[in-house]
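Fold and contact review
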Amino acid sequence: MNERDYQLIEDYLNGSLKASEKAEVEARLLQDNAFAKILAQQQDLLAVVDKKVEDDLRLLLAEEEVKLSNNVTNKVSSPTIPISRWLSVAASVVVLITVGWLLFRNESSPNGSTLFTENFTAYTNIIAPNRRGENDESRLSLAFLAYDNKQYPKAIADFERLKSDTLKSELTFYIGVSYLAINEIEKGIITLKDDAIDSKFAMEKQWYLALAYLKKNDIDAAKIALNKALHLSTDPVLGRNVSELLDKVNSIE
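The following paragraphs examine the structure supplied in this document. Being a predicted model, the structure only gives us computed values, none of them experimental.

Cut-offs and rules
- Residues numbered from 1 in each chain as written.
- Predicted model: local features only at pLDDT ≥ 70, side-chain atom pairs only at ≥ 80, totals over all residues.
- Heavy atoms only, no water.
- Helix = DSSP H or I, 4+ residues; strand = E, 2+ residues; numbered from the N terminus.
- Buried < 20%, exposed > 50% of the residue type's maximum accessible area, 1.4 Å probe, protein only.
- Contact = heavy atoms within 4.5 Å.
- Core = buried A, V, L, I, M, F, W, Y, C linked by side-chain atoms within 4.5 Å.
- Phe/Tyr/Trp six-rings, centres within 6.5 Å; stacked < 30°, edge-to-face > 60°.
- Lys NZ or Arg CZ within 6 Å of the ring centre and 35° of its normal.
- Axes fitted to C-alpha atoms, helices over the stretch in contact; angles between N-to-C directions.
- Parallel < 35°, antiparallel > 145°, perpendicular 65-115°, else oblique.
- Left-handed = near helix turned anticlockwise from the far one by under 90°.
- Nonpolar A, V, L, I, M, F, W, Y, C, P; charged D, E, K, R; others polar.
- Salt bridge = Lys/Arg side-chain N within 4 Å of Asp/Glu carboxyl O.

The number of helices and strands found in the protein chain is twelve helices and zero strands. Counting from the amino terminus, helix and strand elements in the protein chain follow one another as α-α-α-α-α-α-α-α-α-α-α-α. Looking at the protein chain as a whole, 35% of its 253 residues qualify as buried. Of all intrachain contacts in the protein chain linking residues separated by at least 6 positions in sequence, the fraction that spans at least 24 positions is 57%.

Laid out in structure tokens, this is it:
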């Protein structure tokens with residue numbers, strides 16, 4: 001979601017869009033679940049505001065009706081509702097709509113922590129996959145079995161003991177990912193940066209570094225890592241994920 005998306009939603013709900021823009025919004029509603037969800041949330045917000053306005057006006061009119069009845073009984077001329085009361089109600093409506101929309105925008109806008117949560121999953125074990133029916137009890141397989149079972153502290157300790165010249169880069173990468181999985185963000189960054197120049201998992205390392213920086217809300221560092229990942233692109237699926245995440249990061253105000 002970017003600034004134009006929010007403006008489209010606002011204009012759509014107040015009926016001020018051109019026909020072409022209205023068609024664009026309605027097409028987005030069918031294709032973009034996130035866009036449709038935010039528009040629905042804003043509709044709900046406006047419904048709450050409308051209910052509040054209706055209740056306030058009903059209360060105001062009821063009060064004036066009581067006054068009118070009392071004045072008729074006392075043969076006093078009928079009063080009119082003071083303009084200040086109407087202005088007060090109108091002002092409250094404006095405040096409700098403005099504050100509600102700003103809160104809605106802030107809650108809906110992406111931030112680093114939510115982007116980390118939405119995008120982080122531990123990297124697949126492609127070094128020593130544990131296949132059903134096999135009983136490989138080598139130290140490497142047992143280390144990755146712990147990793148696959150989300151026993152990340154044990155996996156980290158095992159990987160550290162197993163690092164050798166031939167698997168140093170690969171195991172260092174999985175150590176970094178494991179640190180991120182248990183929210184040890186600083187250790188994850190240090191581990192991944194220390195090995196970031198190696199060609200093995202180069203794109204993937206930048207992806208996870210970007211996620212770690214987002215968790216820390218270091219948006220500029222996340223952008224740099226994502227752009228490096230695009231430059232190193234070797235995986236078309238991950239490349240699409242990187243591009244989509246970069247768009248979201250660029251929309252953070």
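We are not done yet, so read on.
Turning to helix α6 (residues 139-148), its buried residues are Ser 141, Ala 143, Phe 144, Ala 146 and Tyr 147. Looking at the packing, one finds that the buried side of α6 touches α7 (152-162) and α8 (168-181). With its phi angle positive at about 65°, Lys 150 sits one or two positions after the end of α6.

Take unusual backbone geometry next. Non-glycine residue Lys 150 carries a positive phi angle of around 65°. Structurally, Lys 150 is set in the loop between α6 and α7. Backbone geometry at Asn 217 places phi at a positive 65°, although glycine is not the residue there. One can find Asn 217 in the loop between α10 (202-215) and α11 (219-231).

To continue, consider the environment of Tyr 152. Within the secondary structure, Tyr 152 sits in helix α7. Residue classification places Tyr 152 among the buried residues on the basis of a relative accessible area of 8%. Taking C-alpha positions, Tyr 152 is 9.6 Å from Leu 180, a pair spaced 28 residues apart along the chain. Once you skip the residues sitting within four places of it in the chain, Tyr 152 turns out to touch Ala 122, Tyr 147, Ser 178, Ala 181 and Ile 182.

Our next topic: the nonpolar core. A general tendency of soluble globular proteins is for nonpolar side chains to be buried together. Within the largest apolar cluster, 46 residues are counted, with the highest numbers of intra-cluster contacts made by Tyr 147, Phe 159 and Tyr 208. Broken down by secondary-structure element, the contributors of at least two residues to this core are α5 (112-119), α6, α7, α8, α9 (185-194), α10, α11 and α12 (236-250). Counting residues per element, this core draws most heavily on α10, at nine residues. Every residue in contact with Tyr 208, bar those within four places of it in the chain, is listed here: Phe 120, Thr 121, Ala 122, Tyr 123, Phe 173, Val 177, Leu 180 and Leu 192. Tyr 6, Ile 9, Val 25 and Phe 35 belong to the second largest nonpolar core, which has eight residues in total.

Here we take up the packing of aromatic side chains. Inspection of the entire model under this criterion finds 17 aromatic pairs. Note on Phe 144 and Phe 159: the rings are 4.7 Å apart at their centroids and 55° apart in plane angle, and the pair reads as tilted. Linking Phe 144 in helix α6 with Phe 159 in helix α7, this pair joins segments that are 15 residues apart in sequence. Like Phe 159, Phe 144 is buried. Judged by centre distance (5.2 Å) and plane angle (90°), the ring pair of Tyr 147 and Tyr 174 falls under edge-to-face. Placement of the pair is Tyr 147 in helix α6 and Tyr 174 in helix α8, with a sequence separation of 27 residues. A relative accessible area of 0% means that Tyr 174 is categorised as buried. Among the aromatic residues, those joined into a ring-pair cluster are Phe 116, Phe 120, Tyr 123, Phe 144, Tyr 147, Tyr 152, Phe 159, Phe 173, Tyr 174, Phe 201 and Tyr 208. Directly above the ring of Phe 35 sits Arg 28, whose terminal nitrogen or CZ lies 4.1 Å from the centroid.

Moving on: the packing of α10 against α11. For the pair α10 and α11, interaxial distance at closest approach is 8 Å and the crossing angle is 165°. Here α10 lies roughly antiparallel to α11, going by the angle between them. Along this stretch, α10 crosses α11, giving a crossing that reads as left-handed. The segment α10 lies against α11, with Met 203, Gln 206, Trp 207, Leu 209, Ala 210, Tyr 213 and Leu 214 engaging Ile 219, Ala 221, Ala 222, Ala 225, Leu 226, Lys 228 and Ala 229. When grouped by side-chain class, the residues that make up the contact of α10 with α11 number twelve nonpolar, one polar and one charged.

A word on the side chain of Asp 5. The topology assignment puts Asp 5 in helix α1 (residues 3-13). Aside from chain neighbours lying at most four places away, what touches Asp 5 is Arg 28 and Phe 35.

With the rule as written, the count across this model stands at seven salt bridges. The partner of Arg 28 in a salt bridge is Asp 32, with the nearest N and O atoms 3.3 Å apart. Residues joined by salt bridges that share partners form a network here, namely Asp 5, Arg 28 and Asp 32.

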